[in-house]
Amino acid sequence: MFTHRLATPADLVALRAAMALAIAELQKDFLTPEQIAASNAVMGLDTQLIADESYFIVESAGRIAGCGGWSRRATLYGGDHSTALRDPAPLDPAVDAARIRAMYTHPDFARRGVGRRVMQLCEDAARAAGFARAELMATLSGEPLYRACGYSAIEHVEAPGPDGVGVPLIRMGKPL
């Protein structure tokens, strides 16, 4: 049984722990160990999503099973530490796509519908805010979920990580 709620600043430690596990474990079939390590430089939580009250937690018996958010800001991906990727400019729902951001599933809950539930919460909230389209930056491990949810590839990119190690990503979008 899963429940959901909006994240609060009190959740930061638990969120970061769940994200670290997801990055370390769920990408093993898709990335090299060096790319997984580099992922930590480009992924993570943007606490602006919590401040904007647009970041969801899905829980099971009080444990974080997954998390993710949506944004009406221009930043497409990246955490608090990846400042070069952040752009707080507001998006216009009439012309811009909402951003689906920082989607993570705790490895103990992978392939149990958690990601779909978080995605539905985000898409419903973006639609309610007037957005007709959504975009996200997918990891290779996340791409199958996003495709199953109706997203299609817009472009393949490589995010520069430390020590010259690139992290392959896929910008994806869909109509809401």
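Above this text sits the structure in question.
Structure report, in brief. (Residues numbered from 1 in each chain as written. Predicted model: local features only at pLDDT ≥ 70, side-chain atom pairs only at ≥ 80, totals over all residues. Heavy atoms only, no water.)

**Details of the overall build of the chain**
Here is step 1: For the chain, the count of helices and strands is five helices and seven strands.
Here is step 2: The order of helices and strands in the chain, counted from the N terminus, is β-α-α-α-β-β-β-α-β-α-β-β.
Here is step 3: Taking 2.2 N^0.38 as the reference for a compact globule, 176 residues should give roughly 16 Å; the C-alpha atoms of the chain span a radius of gyration of 15 Å, in line with that estimate.
Here is step 4: Taken along the three principal axes of its C-alpha coordinates, the chain extends 40 × 40 × 30 Å.
Here is step 5: Taken over 176 residues, the chain has a buried fraction of 49%.
Here is step 6: Of the contacts formed within the chain by residues at least 6 apart in sequence, a portion of 70% connects residues at least 24 apart.
Here is step 7: On the chain, roughly 8300 Å² of surface is accessible, and the fraction owed to carbon and sulfur atoms is 54%.
Here is step 8: One way to put it: in the chain the 18 positive side-chain charges average out to a point 6 Å from where the 20 negative ones average out. (Helix = DSSP H or I, 4+ residues; strand = E, 2+ residues; numbered from the N terminus. Rg over C-alpha atoms; globule rule 2.2 N^0.38 Å. Buried < 20%, exposed > 50% of the residue type's maximum accessible area, 1.4 Å probe, protein only. Contact = heavy atoms within 4.5 Å. Areas by Shrake-Rupley, 256 points an atom, 1.4 Å probe, with all protein chains shown as cover. Lys, Arg positive; Asp, Glu negative; His and termini not counted. Charge placed at Lys NZ, Arg CZ, Asp CG, Glu CD.)

**Comments concerning the packing of aromatic side chains**
Here is step 1: For the coordinates displayed, the defined rule picks out three aromatic pairs.
Here is step 2: Aromatic side chains tryptophan 70 and phenylalanine 131 sit 6.0 Å apart centroid to centroid with 70° between the ring planes, which places their arrangement in the edge-to-face category. Taken together, the residues span a long stretch of sequence, with tryptophan 70 in strand β3 (residues 63–71) and phenylalanine 131 in the loop between α4 (114–128) and β5 (133–139) at a distance of 61 residues.
Here is step 3: Centre to centre, the rings of tyrosine 146 and tyrosine 151 are 6.4 Å apart; their planes meet at 70°, and the pair counts as edge-to-face.
Here is step 4: For tyrosine 151, a relative accessible area of 2% corresponds to the buried category. (Phe/Tyr/Trp six-rings, centres within 6.5 Å; stacked < 30°, edge-to-face > 60°.)

**Comments concerning the nonpolar core**
Here is step 1: Grouped together as the largest cluster of nonpolar side chains are 27 residues, with contacts concentrated most on Leu15, Tyr55 and Tyr104.
Here is step 2: Looking at this core, the elements that each hand over two or more residues are α1 (12–26), α2 (33–42), α3 (48–51), β2 (55–60), β3, β4 (98–105) and β7 (166–175).
Here is step 3: The biggest single contributor to this core is α1, with six residues.
Here is step 4: Contact partners of leucine 15, with chain neighbours within four places excluded, come to Ala7, Leu45, Ile50, Tyr55, Ile57, Ile64 and Cys67.
Here is step 5: One finds Leu91, Ile100, Val118 and Ala138 within the second-largest nonpolar core, a separate group that totals 26 residues. (Core = buried A, V, L, I, M, F, W, Y, C linked by side-chain atoms within 4.5 Å.)

**Re α1**
One turn of an α-helix holds 3.6 residues; hence residues three or four places apart share an orientation.
Here is step 1: With 15 residues, α1 ought to run about 21 Å at 1.5 Å a step, and its terminal C-alpha atoms sit 21 Å apart, in line with that.
Here is step 2: Of the positions making up α1, those classed as buried are Leu12, Leu15, Ala18, Met19, Ala22 and Ile23. For α1, the buried positions fall inside an angular range of 135° around the axis, keeping them on one side.
Here is step 3: Those residues of α1 that are buried lie in contact with α2, α3, β2, β3 and β4. (Expected span 1.5 Å × (residues − 1). Arc of directions from axis to C-beta.)

**Here's the deal with the sheet that holds β2**
To summarise the sheet geometry, strands pair through backbone hydrogen bonds and adopt either a parallel or an antiparallel arrangement.
Here is step 1: One open sheet accounts for seven strands, arranged β1-β2-β3-β4-β5-β7-β6; its pairing is mixed. Across the chains shown, the open sheet's two edge strands, defined by having one partner strand only, are β1 (3–6) and β6 (152–160). Between one strand axis and the next, the sheet turns by 25° as a mean value, whatever way the strands run.
Here is step 2: Where α2 meets the sheet, it contacts β6 and β7, and its direction lies at approximately 60° from that of β7. (Pairing = 2+ DSSP bridges. Axes fitted to C-alpha atoms, helices over the stretch in contact; angles between N-to-C directions.)

**Notes on the pattern of salt bridges**
Here is step 1: Considering all chains together, one arrives at 12 salt bridges under this definition.
Here is step 2: In this structure, arginine 5 and aspartate 11 form a salt bridge, with 2.8 Å as the shortest nitrogen-oxygen distance.
Here is step 3: The partly exposed category is assigned to arginine 5, whose relative accessible area is 29%.
Here is step 4: By relative accessible area, which is 10% here, aspartate 11 ends up buried.
Here is step 5: One network of salt bridges, with partners in common, ties together Arg5, Asp11 and Glu59. (Salt bridge = Lys/Arg side-chain N within 4 Å of Asp/Glu carboxyl O.)

**So, the side chain of threonine 105**
Here is step 1: Position of threonine 105 relative to the elements: it lies in strand β4.
Here is step 2: When neighbours within four sequence positions are excluded, threonine 105 is seen to be in contact with Ala22, Leu26, Ala65, Gly66, Ala110, Val114 and Gly115.

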